[in-house]
Amino acid sequence: LDGLARLCRRADVKAGDVLFRQGDRSDGCYIVLDGVLSIYAQSPEGDETLLALLRAGDVIGEMGLIDGMPRSATATALKSCALAFLGTGNFNRFAEDYPAVYRQMLGIVSTRLRVTNDVFSAYLQLPLGGRLAHVMLQLAGCLGDPLADGRIIIRQKITQGELARMTGSSRENVNRMLNAWRDEKIVSRISSYYCLEQQERLRELATP
């Protein structure tokens with residue numbers, strides 16, 4: 001790890017900026033040191049699917065280290081990020097001396113593929129309410145703070161437009177769903193932040 005760390009360089013991305021786009025040339029991977037990255041895949045028709053939200057300790061772009069193919073998804077900073085970049089050339093030279101690194105990286109790739117398959121499977125089966133519940137739980141996992149009464153507040157201003165993009169829906173439909181959830185006291189707003197009132201109910205909705 002120390003040897004790999006010496007080969008990395010710092011890279012910072014401001015909130016809202018794109019780290020790389022689907023189809024870009026792969027030149028290395030990034031390790032998230034701080035912040036949150038949102039990972040999207042785009043269909044030929046232009047529809048977007050949120051694959052994952054990554055936070056400190058997660059790796060992104062690792063597939064390019066193995067196969068050298070173009071980026072398979074778009075990475076955007078949901079929250080300003082500090083990253084460590086490991087270039088493909090440096091990685092390959094290091095791995096020639098320490099082949100165990102390849103096994104570790106393949107394990108990371110395998111885990112990411114399983115997560116991606118689960119996401120697509122869920123999105124194919126879930127209605128908007130289920131997809132929105134899935135996204136809310138992901139946001140709470142990355143950006144949430146627990147309150148004394150057991151609720152979780154997402155301390156990041158997320159617009160309905162962003163939620164629509166994350167769920168592959170329209171802002172109007174997301175707005176109707178959130179209004180219904182507020183009436184049912186599933187999700188509320190506190191000082192412009194979303195607050196999860198009933199986490200178990202959201203988990204039920206997010207289960208295919």
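Refer to the structure above for everything that follows.
As the structure is a prediction and not an experimental result, all values here were calculated from the model. (Residues numbered from 1 in each chain as written. Predicted model: local features only at pLDDT ≥ 70, side-chain atom pairs only at ≥ 80, totals over all residues. Heavy atoms only, no water.)

(A) Looking closely at the overall build of the chain. The helix and strand tally for the chain stands at eight helices and 10 strands. Against the compact-globule benchmark of 17 Å for 208 residues, the chain has a radius of gyration of 18 Å, which places it among compact chains. Summarising its shape, the C-alpha atoms of the chain cover approximately 60 × 40 × 25 Å along the three principal directions. Put simply, the chain has 208 residues, and 44% of those count as buried. As displayed, the chain offers around 11100 Å² of accessible surface, 49% of which is attributable to carbon and sulfur atoms. Between the averaged position of the 25 positive side-chain charges in the chain and that of its 24 negative side-chain charges there is a distance of 3 Å. (Helix = DSSP H or I, 4+ residues; strand = E, 2+ residues; numbered from the N terminus. Rg over C-alpha atoms; globule rule 2.2 N^0.38 Å. Buried < 20%, exposed > 50% of the residue type's maximum accessible area, 1.4 Å probe, protein only. Areas by Shrake-Rupley, 256 points an atom, 1.4 Å probe, with all protein chains shown as cover. Lys, Arg positive; Asp, Glu negative; His and termini not counted. Charge placed at Lys NZ, Arg CZ, Asp CG, Glu CD.)

(B) The pattern of salt bridges, seen in detail. In total, this model carries eight salt bridges according to the counting rule given. Between R151 and D149 there is a salt bridge, with its nearest N and O atoms 2.8 Å apart. Close ionic contact of E197 with R151 constitutes a salt bridge, the shortest N to O distance being 3.0 Å. Of this pair, E197 sits in the loop between strand 10 (193-196) and helix 8 (199-205) while R151 sits in the loop between strand 7 (144-146) and strand 8 (152-154), placing them 46 residues apart in sequence. Of the residues examined, R151 reaches a relative accessible area of 21% and is grouped as partly exposed. Through salt bridges with shared partners, a single ionic network connects D149, R151 and E197. (Salt bridge = Lys/Arg side-chain N within 4 Å of Asp/Glu carboxyl O.)

(C) Focus on the packing of aromatic side chains. In the structure shown here, the tally under the stated rule is four aromatic pairs. Just above the ring of F20 sits the side chain of R71; from NZ or CZ to the centre is 4.2 Å. (Phe/Tyr/Trp six-rings, centres within 6.5 Å; stacked < 30°, edge-to-face > 60°. Lys NZ or Arg CZ within 6 Å of the ring centre and 35° of its normal.)

(D) Quick peek at the environment of A77. Position of A77 relative to the elements: it lies in strand 6 (residues 74-87). When the C-alpha atoms of A77 and L19 are compared, they prove to be 7.1 Å apart, with 58 residues separating the residues in sequence. Once residues lying within four places of it in the same chain are set aside, the contact partners of A77 are V13, K14, A15, G16, D17, V36 and L37. (Contact = heavy atoms within 4.5 Å.)

(E) Spotlight on a nonpolar patch on the surface. A cluster of nonpolar side chains, I66, Y102 and L106, forms an exposed patch at the surface whose accessible area comes to about 250 Å². Take I66: it is sitting in helix 2 (residues 62-67). (Patch = residues over 30% accessible without salt bridge, like charges linked within 9 Å, V, L, I, M, F, W, Y side chains within 5 Å.)

(F) The packing of helix 6 (residues 160-167) against helix 7 (residues 171-183), seen in detail. Between helix 6 and helix 7, whose axes approach to 8 Å, the crossing angle comes to 105°. Judged by the inter-axis angle, helix 6 sits roughly perpendicular to helix 7. Facing Q160, G161, L163, A164 and T167 of helix 6, the residues of helix 7 in contact are R171, V174, N175 and L178. Here the contact of helix 6 with helix 7 is composed, by residue class, of four nonpolar, four polar and one charged. (Axes fitted to C-alpha atoms, helices over the stretch in contact; angles between N-to-C directions. Parallel < 35°, antiparallel > 145°, perpendicular 65-115°, else oblique. Nonpolar A, V, L, I, M, F, W, Y, C, P; charged D, E, K, R; others polar.)

(G) Inspection of the sheet that holds strand 8 at higher detail. Taking strand neighbours across the sheet as the criterion, the four strands line up as 7-8-10-9 in an open arrangement whose pairing is antiparallel. Whereas interior strands pair on both sides, the edge strands pair on one side only; in this sheet they are strand 7 and strand 9 (187-190). On average, each strand axis in the sheet is tilted by 30° relative to the strand beside it, whichever way the strands run. By the bridge criterion, three bridges tie strand 7 to strand 8 in an arrangement that is antiparallel. Within strand 8, the position partnered with G144 by the bridge is I154. Helix 5 (residues 128-143) rests against strand 7, strand 8 and strand 10 of the sheet, and its axis sits at about 90° to strand 8. (Pairing = 2+ DSSP bridges.)

(H) The arrangement of helix 3 (residues 88-97) in detail. Along helix 3, the residues that are buried comprise T88, F91, F94 and A95. Relative to the axis of helix 3, the buried residues are bounded by an arc of 130° and lie together on one face. Residues R93, E96 and D97 are exposed on helix 3 and point more than 90 degrees away from its buried face. (Arc of directions from axis to C-beta.)

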